[in-house]
Amino acid sequence: MRLLISDANILIDMEAGALMETLFRLPMQFGIPDLLYYEEIEEGSPGLEQMGLQIMEVSGDFVKYAARLPGQYNPTLPAKNGAKPSHNDYLALALAKQESCTLLTGDANLRIVASKESVTVMGTIGLLCAMVENQLLTVDEALKALHKMKEGKRRLPWPDAEKMLEALR
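Please read these numbers as outputs of a predicted model, since none were measured by experiment. Throughout, a residue's number is its position along its own chain's written sequence, starting from 1. With the structure being a predicted model, the display of local features is reserved for residues of pLDDT at least 70 and the display and counting of side-chain atom pairs for 80 or more, all residues being used for whole-chain, interface and lining totals. For the side-chain quantities, the full set of heavy atoms in the structure was used; hydrogens and water were omitted.

Undergrad: For this particular structure, what's the right way to read the packing of helix α8 (residues 124–133) against helix α10 (residues 158–166)?
TA: Angle between the axes and distance between the axes: these two values describe a pair of packed helices. Interaxial distance between α8 and α10 falls to 10 Å at its minimum, and their mutual angle equals 20 degrees. Here α8 lies roughly parallel to α10, going by the angle between them. α8 and α10 meet at a crossing whose hand is right-handed. Residue-level contacts link I125, L128, C129 and V132 of α8 to A161, M164 and L165 of α10. Each residue belonging to the contact of α8 with α10 can be placed in one class, and the counts come to seven nonpolar, no polar and no charged. Note on geometry: axes are C-alpha line fits, over the in-contact stretch for helices, and angles between N-to-C directions span 0 to 180 degrees. Strands are runs of DSSP state E lasting at least two residues, helices are runs of H or I lasting at least four, and both sets are numbered from the N terminus onward. Oblique is the label for every angle not falling under 35 degrees (roughly parallel), over 145 degrees (roughly antiparallel), or within 65 to 115 degrees (roughly perpendicular). Whether a crossing is left-handed or right-handed is set by the direction in which the near helix is turned from the far one by less than a right angle, anticlockwise for left-handed and clockwise for right-handed. By definition, residues are in contact when any of their heavy atoms lie within 4.5 Å. For this scheme, ten residues count as nonpolar: Ala, Val, Leu, Ile, Met, Phe, Trp, Tyr, Cys and Pro. Four count as charged, namely Asp, Glu, Lys and Arg, and the remainder, Gly too, count as polar.

As structure tokens, this is what we get:
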């Protein structure tokens, strides 16, 4: 089964869209760096391990790799894309690289770095499409979840998301 490594914002999007249970019904495995999970996710979303989230350790070499990335990339990342990736964001990227798998993120600047580091990226919209394609949601249910995310002040390219979901009808 395909492993995907998530940053915090993807899980927050899924929670805002009331899709956490549906996420873990996808034919995929989901992992997250242990430090990121304990610092940013566990308190607000307990029980994700029981649902299937794998709390994973980033090996020493990849921790060092993650520590080098801010100095290499942060000065060149566009401010219009929002905040620069945090240490925990870079740990998620490092874990995806360590495991040779896809990184789940909606962070525009982290996507730029991942691309430059040859790490495949998928976001919330891709997960919504996968849920429809795997018949876990109808297009209308996915659009309702998207609307909940918007009401929850999540940041997505709303017109693009709606267009991609509508194309699945």
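Undergrad: Quick question: what am I supposed to make of the environment of G44 here?
TA: Turning to its location among the elements, G44 is positioned in the loop between α3 (34–41) and α4 (48–51). Relative accessibility thresholds used throughout: buried, under 20% of the residue-type maximum; exposed, over 50%; partly exposed, between the two (1.4 Å probe, protein chains only). With a relative accessible area of 58%, G44 lands in the exposed category. It is 26 Å that separates the C-alpha atoms of G44 and A161, two residues lying 117 residues apart in sequence.

Undergrad: What is the right way to look at α10 in this model?
TA: One full turn of an α-helix is made of 3.6 residues, so residues set three or four places apart face in the same direction. Considered for burial, the residues of α10 that qualify are W158, A161 and L165. End-on, the buried residues of α10 take up no more than an arc of 65 degrees, which puts them together on one face. Facing away from the buried surface of α10 by more than 90 degrees, the exposed residues are P159 and K163. Buried residues along α10 sit against α8 and α9 (139–151). Taken from the helix axis, the directions to the C-beta atoms give the arc we talk about.

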